[in-house]
Amino acid sequence: MSDTLFEFLCRMGDNTLVLGHRVSEWCSHAPVLEEDIALANTALDLIGQTTLWLDLAGEVEGAGRDADKLAFHRDVWDFRNLLLVEQPNGDFGQTMMRQFLFDAWHLSQLTSLMDSSNAQVAAIAEKSSKEVTYHLERATDTVIGLGDGTEESHARMQAALNRLWPYVGEMFISDDVDTAMIETGIAPDPASLRPAYDALVADVFRAATLEKPQDDFAHKGGKSGKRHSEHLGHMLTQMQWLQRAYPDATW
Amino acid sequence: MYAQMIKSTGEGVKSLEDMEPQERAFQERINAGGKIEPKDWMPDGYRKNLIRQIGQHAHSEIVGQLPEGNWITRAPTLERKAILLAKVQDEAGHGLYLYCAAETLGVSRDQLTRDLLSGKMKYSSIFNYPTLTWADMGAVGWLVDGAAIMNQVPLQRTSYGPYARAMVRICKEESFHQRQGFDIMMKMAKGTDAQKKMAQDALNRFWGPALMMFGPSDENSVHSAQSMAWKIKMNSNDELRQKFVDECVPQAQYLGLTVPDPELKWNEERGHYDFTQPDWDEFFDVLMGNGPCNTERLEARNKAWDDGAWVRDGLMAHAAKKRAAKLAAE
């Protein structure tokens, strides 16, 4: 049981860790000051959530690892985040499309987790859901604004959607870890979140005048850790560099 | 400082007797500690000077995001990453209120941004130095934010209301920034040999540039005299620099670090530390665009602005469509 719970908590924490890192890459380079501040806010929330999820993962594992140890001392094959969140930022449109596609899943996942049989999971979900409600609202407004903006912004948002849609399906695929979570009442069946997700994104794409790609093919291998994209390794070389170069130091 | 080498109208300070009644009433209000508000009458020189000063301060906050932003993706722990991100975000916020304060004087944020991007307006010389190790995040917080606070605390009493009020909030956040910088320095200075070496190296590189932040001696400057009469500059550059040195030296000693100045010693008679002036030739080189990072800093700001053009245009176009639809529905 503790093995699968550890695995599940790493999935939650690695999603927020990797996406938080990606979003933080924007700091001081955003299109306008207000967006710079909003992106930093989102990254800050996600990093805070990471600490909660990964500290709990470390506690469940019982091997003396805390959130920092898990974040900075694991290699690519030990990461359990969705492939979607490790995709590079691209332009601002791609960043915000990735955020929207993730937030729409993240909020419904957290909402379900608020009823988790595990009280600590429920508490983290409750705290996080307040922040993610705002993330989803902002990402929705931005996707609509840019989708239904100028010809150029529309074309860029459609390109971003086409580029990222193949990474959406992974959020709803189940494996043995999910089965164990469903059986113990800790987390919902991933597939059960799909209908509401599809309805929500369809509404937003309609308002944004964007077309959802016909093909629902889904890349997988992120949340199982079996096959990440090439991007994650490069991200880790930067993120983990100080910890790896000076392993005996405290910061 | 964040606003260095601000030139005023430069005609020398007029006496009250030489002023027309309107200007005299304005100056008397300032002398009595009153505030000037956006809709009040003010001399052209006062308005122009403030636009330059507040604009330069705002630009410094925005360009100042870059040297620290440089380490966000390499921060060594989740907590340090969050703190640094929050700090750089605060700087964007400071830029935002300062641009708003400048807008009350009749200049737009877009105009000020264009003047920054074209190189017409300046920002503080300090941000043209590179951040090379994690200890630089400590040194920047401790020394750079420390120097900024020296200047900004008195500016909370500056004569222009919107500027003074922006400064109250900024100072609160800056003092948190300085503490977090010192906290990083403490960890580094008490850490492994490699960390101590990084801390000393950061102090060696940032000490001179931090002293330069106050600007060259302005004892005989007509510009400074006018700004001081208007209470938009509250202390002389030398006075603030001395205060900064007097405060930092014991802090460096506490950290077990050596201030890179062989002439530094306590002067019992003056009740201050004697210290070596920074390299003013280097300062003027940086100001002329030849600092280690001037080109990269402006390139980064220009790239962010240019790459973001389609986003700003897209969102404006959407807002216009929504307004039109709302009108049509009414």
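Please refer to the structure placed before this passage.
Attention here is on the structure that accompanies the text.

Rules used in this analysis
Residues numbered from 1 in each chain as written. Chains lettered and ligands numbered in written order. Predicted model: local features only at pLDDT ≥ 70, side-chain atom pairs only at ≥ 80, totals over all residues. Heavy atoms only, no water. Helix = DSSP H or I, 4+ residues; strand = E, 2+ residues; numbered from the N terminus. Rg over C-alpha atoms; globule rule 2.2 N^0.38 Å. Buried < 20%, exposed > 50% of the residue type's maximum accessible area, 1.4 Å probe, protein only. Polar contact = N/O pair within 3.5 Å; in protein donor to acceptor, adjacent residues only side chain to side chain. Contact = heavy atoms within 4.5 Å. Axes fitted to C-alpha atoms, helices over the stretch in contact; angles between N-to-C directions. Parallel < 35°, antiparallel > 145°, perpendicular 65-115°, else oblique. Left-handed = near helix turned anticlockwise from the far one by under 90°. Nonpolar A, V, L, I, M, F, W, Y, C, P; charged D, E, K, R; others polar.

1. Some remarks on the overall build of chain A
Within chain A, the secondary structure is distributed over 11 helices and 0 strands. Order of helices (α) and strands (β) in chain A, N terminus to C terminus: α-α-α-α-α-α-α-α-α-α-α. Taken against the 2.2 N^0.38 rule, which gives 18 Å for 251 residues, the C-alpha radius of gyration of chain A at 18 Å falls within 12% of a compact globule. If one aligns the C-alpha atoms of chain A with their principal axes, the spans along those axes are about 55 × 40 × 30 Å.

2. Concerning the side chain of B:Gln89
Along the chain, B:Gln89 falls in helix α4 (residues 78-103). Judged by its relative accessible area of 11%, B:Gln89 is buried. A polar contact is formed between the side chain of B:Gln89 and the side chain of A:Asn41, at a distance of 3.3 Å. Among residues more than four places away in sequence, those in contact with B:Gln89 are A:Ile37, A:Ala40, A:Asn41 and A:Leu44.

3. As for the packing of helix α6 (residues 135-155) of chain B against helix α7 (residues 161-189) of chain B
Residue and element names in this part refer to chain B. Contact geometry of α6 with α7 gives a least axis separation of 7 Å together with a crossing angle of 150 degrees. In terms of their interaxial angle, α6 and α7 are classed as roughly antiparallel. Where α6 crosses over α7, the handedness of that crossing is left-handed. The residue makeup of the contact of α6 with α7, split by class, is 16 nonpolar, 9 polar and 2 charged.

4. Description of the environment of A:Trp105
Residues and elements named next belong to chain A. Summarising the element assignment, tryptophan 105 is placed in helix α5 (residues 92-113). Classification of tryptophan 105 by relative accessible area gives buried; the value is 6%. For the pair tryptophan 105 and leucine 136, spaced 31 residues apart in the sequence, the C-alpha separation amounts to 9.5 Å. When near neighbours in sequence (up to four residues on either side) are disregarded, tryptophan 105 contacts Met12, Asn15, Leu82, Met171, Phe172, Leu193 and Tyr197.

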